[in-house]
Structure formats: structure tokens, C-alpha cells
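Listed below, chain by chain, are the residues.
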Amino acid sequence: MKQAAKGNSLNRVDGALKVTGAAKYFADHQVPGMQYGVLVCSTISSGTIKSIDAVKALKAPGVTAVVSHLNTPPVPGFKQDYRGLKIFNDDRIYANGQPIAIVVADTLERATYGASLVSVTYNQETHQTDINKNIGKAYPPNNDKGYLRGEADAWKNAAVNISATYTIPLEVHNPMELAGIIAHWTSADTLTLYAKTQGVKNVQGTLSKVFQLPPNNFTVHSQFVGGAFGMGLRVWPLEIAAILAARKVQKPVKLVISRNQMFTMAGYRPYSIQELNIGATEDGKLVGITHKATANTSAYETFTEGIVAMTKFMYACPNVNTQYQVVPLNIGTPIWMRGPGEATGSFALESAIDELAYKLKLDPLELRIRNHADIDPEHNRPFSSKYLKEAYQTGAEKIGWYQRNPAPKSMTEDGMLVGYGVSSGTFGAYRSGATVMATLTPEGLVLKSAASDIGPGTGTAMVQIAANATGLPTGRIKFMLGESAYPNAPQQGGSATVSTVGSAVSDACKVLMNELGKMAIKDHPSFKQATIEELQHGNGQLSVANKAGSAVTYAQLLKDLNLPEVSVTTTSQAGENAKKYSMYAFSVHFAKIHVHPLTGVVRIKQVVSVADAGTIVSMKTARSQMIGGVTGGIGMALMEEGLIDHRFGRYVNNNYADYHVPVNADTPPIDVYFVDKPDPVINPMGEKGMGEIALIGFAAAVSNAVYHATGKRIRELPITPDKILLA
């Protein structure tokens, strides 16, 4: 059965809803009788609660409850092996800003005022929030002994080597949409939630364990998410606080935390210190790499991510050893942030590769090409596909890499120092299992899956995949997502949604078309003599190959067959063949910058990013993904930094005024290119995710460009004018 090919320049299918304000995010929902919650947070960073006086708060107008460890409803799952902060479970304080009570009132203003009336006294203990002063407490998570290929520390024996330490500060999730939830116990053991989450099924599963109730007792709505980038990958204590408050007052409770609380309650990229040692022969062949990374976690939970993962396989180096450690501190638990772990590790690795190239007097791009890994050296198996060299060449041509003067501090333009930098990025190309229900009606095709969309355009990609698989016009296809009642789908994270859910969409559409074809051959006179192989789909109609006048629209076909609809539910999984390959997406970032010679101010003038991400399913949204990743990378490289006053364990820049993120003036023209060649293994579309590679490596491209412009190597992010002037 053949399908007509479709283009991939589709506009966002939910674009009109978003720009007109018709899209409903979690906080937009209204539930009859809704109350409002405001959290009371700890003002110390370690210790215990001596007393909580809620008398004045409870007497305030409109206040219906103050819930804390003194009167919280029971949480049976906290008695099990629960990962995370057991909110309101006891009097222990682990971090400044930790929620210790929630005030519930009939308006937000009254709840806010009530929270200000709660008086708390503490038994204060010494806290630790400075990773540098606590480095001796570092430990390998899960007793990880590290990774070794070949000889450890072989870099020491190389003809040319470099040793350097790279630092990335704590970076905070700061989407415009704040974290929060609406919780409504519709009965003693059934709960309805309007949530900001990257996975409604994950919320169901987590709360099932927490409250020891069946997953289907929890109905989760999350159709629109205003940016998450990792912060929505788990159920946070703040959300459980709202659920407990709703159970206590037996009314719906809405909780939206404040901007400053985003710094303490919804995760962040952890502070990291990385030691990179690389050695090579005089002609630029790598001999050995040693990568040691240390990052913080919280005092109550061990958080890990893949900081050293990229180093293990990115280059064809015979001797590689890595080590990863964490340091417990009195701050909240980190969470995966766009480019989880690899964005951190790539800054160190790709900066060190650049340093080595200059020491070898070799073009940094040429050094990467000479050490290109044709097979995965970590697992000693082929890549499912890899067109990184092609990406290198495309990017170099587009930015004029070979026309630059390669010597540091050799180029000027309009009175500014000019620098060019390059960096590579990579992230696993994943596919797990998902289920999609596909229903064809006379009006068109409706697809349902409990997938999420945190901004990249999930619905748009799924509609395009369905159009490719069925031949239906995109305007007659609707993809419905974000509801726990829909068929199972994983969280949106790790650049795997299009690969995983898209495969299920493709498979469901093929099964649906096959079923429709069988019905037509069996019962419709126009197709009695046809075979399944002869049937064609295109423009919303079924026809027989090489038979003029045989076309029948789907709507007419359903009418002729006396069928109101045809529906199938299909589960799609990765095939066993995938285990024979290493599957990764790759990116290359080129940056041209200006540096003011007197002030040290850095301005990014041009970016060229090239993605090797298999077939590009939706060109417009893919380009937007890359632009968004680069914009996040600009923040990572030049401005983002969570600052803590270690005397008190408190953030001092917990607002949009003092925690800087890129704005339009910081964002230059961003040219995005795609290799756009299918991966033959991973999924039916040949697609590999790009949400992470859009950011991974970009910060190093900027730091490498700063070195080319100034001759000064900045190894600590963000790259601010003072660091350049003092280097």
C-alpha cells in the first residue's frame, strides 16, 4: 500500500490558540469553589523547626487552613523508599526556602497575607552551600568506580598535552510560566490535577506510589506547558503540598509559586567543577583523555547526570578514563536542564580540545576531524548513522571559517576584536514505547496519546507524520495530547518524543490504512478486484494504482461502508536491531563574536548551527528548536548564574532583574542547517531528536571564540567583562 509524500513546512497546528490566548495553561483553569495556596518557606538553611504559630493567620479574613507537619494529612508512600523531600513529614530543614507550611484562603491576596502572619522559630544548625569549601565531601554516586578504556591517565605520556579546570555555576530554570498545580479531590480517593508537567503518566505513577492508590485514581490534565526544559520531569514537593492542602480543606486548591521560589523549588543545573587532561601526538592524534567532574546535589537526595558521558565516545581516543562525583549541600535538589549533563560536560571537553588545537598549532576544526570516531569507541559498535563530518563542512562554509585569520587577537572589525569559535555537541537518540489511538471519521483523522508538548511543537510534528503515513491533508488531522486518560506515552525529555510517539503515530496510521483497505476490498464495489499492494492513499482518498476514476474519498468510503468511524490502537516499541548500534544525534556550532577591547563586553554577531538529526520531520519547528537551544546557550555562555550568599544560604539574584537571561538584543542572526539524511535503524521516520543538541556545545563555541578574539582563555562561565579584563 503506497502513500503520497508530503512536504514538511507545516505551520504550528496550535499556533493560533497560543497567539490569541485561547490556549489554556494549568493556571488558566477555573474549578468551582477553588481556594488558593501560598507557601511559607524556611528562612534558615539547616536545622529543625522549634515552633509554628499559625493563630494570627487562621484569624485573618478568608483563610481556611494552615497545613504543616503538625497537621498534614498522612502520606503513606513516605514510609516506603521515597526519593525526594518528604514535605511536611517532620521538622527537619535541609535548605533555605524549603516549604514548611501552606496557607489556604479564598483569594490569592488573602492567602499571601495569611502566609505573612505565620510565625516560625528554629533550632538553627551550621549549613553548607559552597561546593568549593566542601569538595572533600564528594562521593561517587551509586558507588560508581568510573569509566576506563585502555590506560588511565595516558595523556601524561603524550608529546603534547594540556590540563585545565572548567567551572559552570548553578543555572536556574526560568521559563515565563511559573511552577504550580491545581489539585481537586473529587472523592476521598480520586484526584483531578491541572499540572505543569512533561509527563502526565509520570505524574499518575508517582502519585500512585505516594498515596498508595491505583494510577487511574489520578486524572491529570496538561495540554499546554509554558516552557519546562527539565523542570517538569518530576513531581515536586510543592505540588504534593497543594495536594495535601486540597485534601485538608476538601476543596480544590490552586498553587502558583513566586519567581523567587522558582530558584529553590523547581530544580536547576548544578554547580560543576571539571578537570580535563588531554594528550596528543605532535600531528594531532589523541593519545589519552582524563575527565573528572564534581557537581553538587542536595543534602537529602542524590542527583546525577551525564556530565562525563560525551567524553567516553566523542573522539577516537584509545585511552580514556572518567570519574564523576557529587557533593551534598544545603540547597534544593538539582534537575536535568536542557542538554542534561552533556551541556555541562561539552563545555569542558570542547574547550579543552580547542586549547589543545592551539598548542598543536592546528586548526581546531581539523583536530576534530582527525580524531573523528567512525565507530563508537565506548561500546565498540557502529553508529546507526553519523554525518558529523558533513555538518562540520557545511557550518565552516556558511560562517566563512577558512577565511578567518587563525591567529588569536589578529582580527578587528568596527573597532572591535573579532573571534571565531567552533564546538561539537552530541546526545543519545532514543526511542522507547508509546501507544496511539487513531480514529478516522468523515471529518478527518483524530490521534490521541498522553504525550506532552513543552514548546517544541509536538502536535505539529505528529500531524506531519500522520499526513506522510496516510496521505490526508494536514488540515484534516488532529493530534490530541496532554491527558492521562489517553494511551500511554513517555515524558517529553531526552529528545525522544518525536522518535517514540511519532513511531507510534506512523505505525497506527499504517495499521488504520491497512484496515480501511481490507474493508474496502471486502465490501466496496470499486475495490473488489484490487489487492492491498495496489491501493494508494493521497489527498484524503483511496484509489487503485493505474486505474483511472477509482478514487473514493475517505468520507465517502466510510458512508458507503456504513461506518461512522474506523479506529485502531497501536503500541510501538524500538526493535531488537537497534541494540546492535549506537544511536546519537550530533551538532556543530560556529560563533562569530565581537569583544570591546576596553570594556571586555562580548557581543555575538553571527551563529551557524548544523544538526545531524536524521530526517527532519517538521522543518519549521526543527529550526525553532535549534534557535531556542542557541538562545539558551547564549545565556549559559554569557550571563546565567545563580548567586548564593553562603553566610545565609540564600540566593541574592532570585528575580528576572538580577538573574540575566538573553533578550532580543543579545540574540544575533542564527543560521540553522540540517544534514537531513534518514537514520536507517532508529524509527520509521529515520528521525533523531534535536532538542538537546541545539544547546549542547554552544557555550564552548563562544568561549573558544573569545580566545580567538582576545588571546585570553576563560574557563569559568558565564563569560563576563571582568573575567576578560582580569585574565
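In case you missed it, the structure is sitting above this.
Residues numbered from 1 in each chain as written. Predicted model: local features only at pLDDT ≥ 70, side-chain atom pairs only at ≥ 80, totals over all residues. Heavy atoms only, no water.

Enquirer: Which parts of the structure should I look at to understand the sheet that holds strand β23 (residues 434-441)?
Expert: Strand pairing in a sheet takes place through backbone hydrogen bonds and is either antiparallel or parallel in direction. Pairing is mixed across the open sheet formed by 4 strands, whose spatial order is β25-β24-β23-β29. Each of the sheet's edge strands pairs with one partner strand only, and the pair in question is β25 (477-480) and β29 (566-572). In this sheet, adjacent strand axes meet at a mean angle of 15° when their direction is disregarded. Where β23 lies against strand β24 (residues 444-448), 5 bridges are found, and the strand directions are antiparallel. (Pairing = 2+ DSSP bridges. Helix = DSSP H or I, 4+ residues; strand = E, 2+ residues; numbered from the N terminus. Axes fitted to C-alpha atoms, helices over the stretch in contact; angles between N-to-C directions.)

Enquirer: Can you walk me through the environment of F218 in this structure?
Expert: Examined against the element boundaries, F218 turns out to sit in strand β13 (residues 218-221). Between the alpha carbons of F218 and A60 there is a distance of 33 Å; along the sequence they are 158 residues apart. Once you skip the residues sitting within four places of it in the chain, F218 turns out to touch L191, Q204, L207, S208, F211, L213 and S484. (Contact = heavy atoms within 4.5 Å.)

Enquirer: Honestly, the packing of helix α4 (residues 200-211) against helix α5 (residues 237-249) in this entry has me stumped. Any pointers?
Expert: Each pair of packed helices gets described by two things: the angle between the helix axes and the distance between those axes. Orientation of α4 relative to α5, taken along the N-to-C sense of each, is 55°, at an axis distance of 13 Å. Comparing their axes, α5 and α4 come out oblique. At the point where α4 passes α5, the crossing takes the right-handed sense. Residue-level contacts link L207, V210 and F211 of α4 to I240, I243, L244 and R247 of α5. Grouping the constituent residues of the contact of α4 with α5 by class yields 6 nonpolar, no polar and 1 charged. (Parallel < 35°, antiparallel > 145°, perpendicular 65-115°, else oblique. Left-handed = near helix turned anticlockwise from the far one by under 90°. Nonpolar A, V, L, I, M, F, W, Y, C, P; charged D, E, K, R; others polar.)

Enquirer: It is not clear to me how the packing of helix α7 (residues 342-360) against helix α14 (residues 698-710) should be interpreted in this structure. Could you clarify?
Expert: Where α7 meets α14, the closest approach of the two axes is 8 Å, and the angle between their N-to-C directions is 30°. Comparing their axes, α14 and α7 come out roughly parallel. Where α7 crosses over α14, the two elements pack in a sense that is right-handed. Contacts from S346, F347, E350, S351, D354 and Y358 of α7 reach α14 at A699, A700, S703, N704, Y707 and H708. Broken down by class, the residue content of the contact of α7 with α14 amounts to 5 nonpolar, 5 polar and 2 charged.

Enquirer: Please clarify how the packing of aromatic side chains should be interpreted in this entry.
Expert: Any two aromatic rings considered together are summarised by their centre-to-centre distance and by the angle between their planes. Inspection of every chain in the model, using the stated rule, returns 16 aromatic pairs. Between F263 and Y659 the ring centres are 5.5 Å apart and the planes differ by 85°, which places this aromatic pair in the edge-to-face class. Separated by 396 residues along the polypeptide, F263 in helix α6 (residues 262-265) and Y659 in the loop between β33 (650-651) and β34 (670-674) bring together distant segments of the chain. Judged on exposure class, the residue F263 and its partner Y659 are both buried. Considering the side-chain rings of F383 and Y584, the 6.2 Å spacing of their centres and the 70° angle between planes classify their relative orientation as edge-to-face. On the criterion of sequence distance, the pair formed by F383 in the loop between β20 (381-382) and α9 (388-399) and Y584 in strand β30 (residues 584-595) is long-range, its members being 201 residues apart. Accessibility assignment for this pair places F383 and Y584 in one class, buried. An aromatic cluster is built from F313, F383, Y584 and F586, whose rings are joined through pairwise contacts. A cation over a ring is seen here: R404 above W401, with NZ or CZ 3.8 Å from the ring centre. The ring of Y707 has R713 sitting right over it, with the charged end atom 4.1 Å from the ring centre. (Phe/Tyr/Trp six-rings, centres within 6.5 Å; stacked < 30°, edge-to-face > 60°. Buried < 20%, exposed > 50% of the residue type's maximum accessible area, 1.4 Å probe, protein only. Lys NZ or Arg CZ within 6 Å of the ring centre and 35° of its normal.)

Enquirer: Is there a simple way to explain the nonpolar core in this structure?
Expert: When a protein is soluble and globular, its nonpolar side chains tend to lie buried together. Of all hydrophobic cores here, the largest spans 85 residues; its most connected members are I278, L286, L356, F590 and L638. If one sorts the elements of this core by residue count, α7 sits on top with 9 residues. Counting residues in hydrophobic clusters, the runner-up holds 50 residues, among them V200, L244, V253 and I335. (Core = buried A, V, L, I, M, F, W, Y, C linked by side-chain atoms within 4.5 Å.)

Enquirer: Explain the pattern of salt bridges to me, please; I cannot follow it from the model alone.
Expert: Where charged atoms of side chains with opposite charge meet at close range, the side chains can pair. Counting across every chain of the model gives 21 salt bridges. Residue E125 pairs with R92 through a salt bridge whose shortest N-O separation is 3.0 Å. Here E125, found in the loop between β7 (119-124) and β8 (147-149), pairs with R92, found in strand β5 (residues 92-93); they are 33 residues apart in sequence, far enough to count as distant. Linking D679 and K688 is a salt bridge whose minimum nitrogen-to-oxygen distance equals 3.9 Å. Here the salt bridges share partners, and the residues they tie into one network are D354, E355, R713 and R715. (Salt bridge = Lys/Arg side-chain N within 4 Å of Asp/Glu carboxyl O.)

Enquirer: Would you mind going over the pairing of strand β16 (residues 272-280) with me for this structure?
Expert: Across a regular strand the side chains alternate sides, sitting on one face of the sheet and then on the other. Most of β16 is tucked away, with 8 of its 9 residues classed as buried. Examined bridge by bridge, strand β9 (residues 160-168) and β16 share 9 bridges and lie antiparallel to one another. If you follow Y166 over to β16, its bridge partner there is Q274. Relative to strand β17 (residues 286-298), β16 runs antiparallel, the two being bridged by 9 bridges. Counterpart to Q274 in the pairing with β17 is A293. With antiparallel pairing between neighbouring strands as the criterion, β16 and β17 make up a hairpin whose turn holds 5 residues, including G284 at a positive phi of roughly 90°.

Enquirer: How do you make sense of helix α3 (residues 108-117) when you look at a structure like this?
Expert: In an α-helix there are 3.6 residues to a turn, and that puts residues three or four apart on one side. Among the residues of α3, A111, G114, A115 and L117 are the ones counted as buried. Taken end-on, α3 shows its buried residues confined to a sector of 155°, consistent with a single buried face. Among the exposed residues of α3, those pointing more than 90 degrees away from its buried face are E109 and S116. Among the structural elements, β2 (35-41), β3 (47-53), α2 (55-59), β4 (63-68), β6 (99-105) and β7 are those in contact with the buried residues of α3. (Arc of directions from axis to C-beta.)

Enquirer: It is not clear to me how empty space enclosed by the protein should be interpreted in this structure. Could you clarify?
Expert: By rolling a water-sized probe across the atoms, one finds the places where empty space is left. Enumeration according to the criterion identifies 2 cavities of 30 Å³ or more in this entry. In this structure, the largest cavity spans a volume of roughly 90 Å³. Along its surface, the largest cavity is lined by 14 residues, and F88, D90, R92, Q98 and P99 are the ones closest to its centre. Residues of the lining of the largest cavity, tallied by class, amount to 7 nonpolar, 3 polar and 4 charged. Lining the second largest cavity we find A179, G180, K196, M231, G232, W236 and E239. Split into classes, the residues belonging to the lining of the second largest cavity amount to 3 nonpolar, 2 polar and 2 charged. (1 Å grid on protein atoms, 1.4 Å probe; cavity = no way out; pocket = protein on both sides within 12 Å on 5 of 7 lines; lining within 4 Å. Points joined across faces, edges and corners; volume = space filled by probe spheres on them.)

Enquirer: Before we go on, may I ask you to explain the sheet that holds β7 in this structure?
Expert: The 3 strands are arranged β5-β3-β7 in an open sheet whose pairing can be described as antiparallel. Looking at which strands have only one partner, the edges of the open sheet turn out to be β5 and β7. Bridging between β3 and β7 involves 6 bridges; their strand directions are antiparallel. Looking across to β7, one finds that T48 is bridged to N123.

What is shown is where atoms sit, not what they do.
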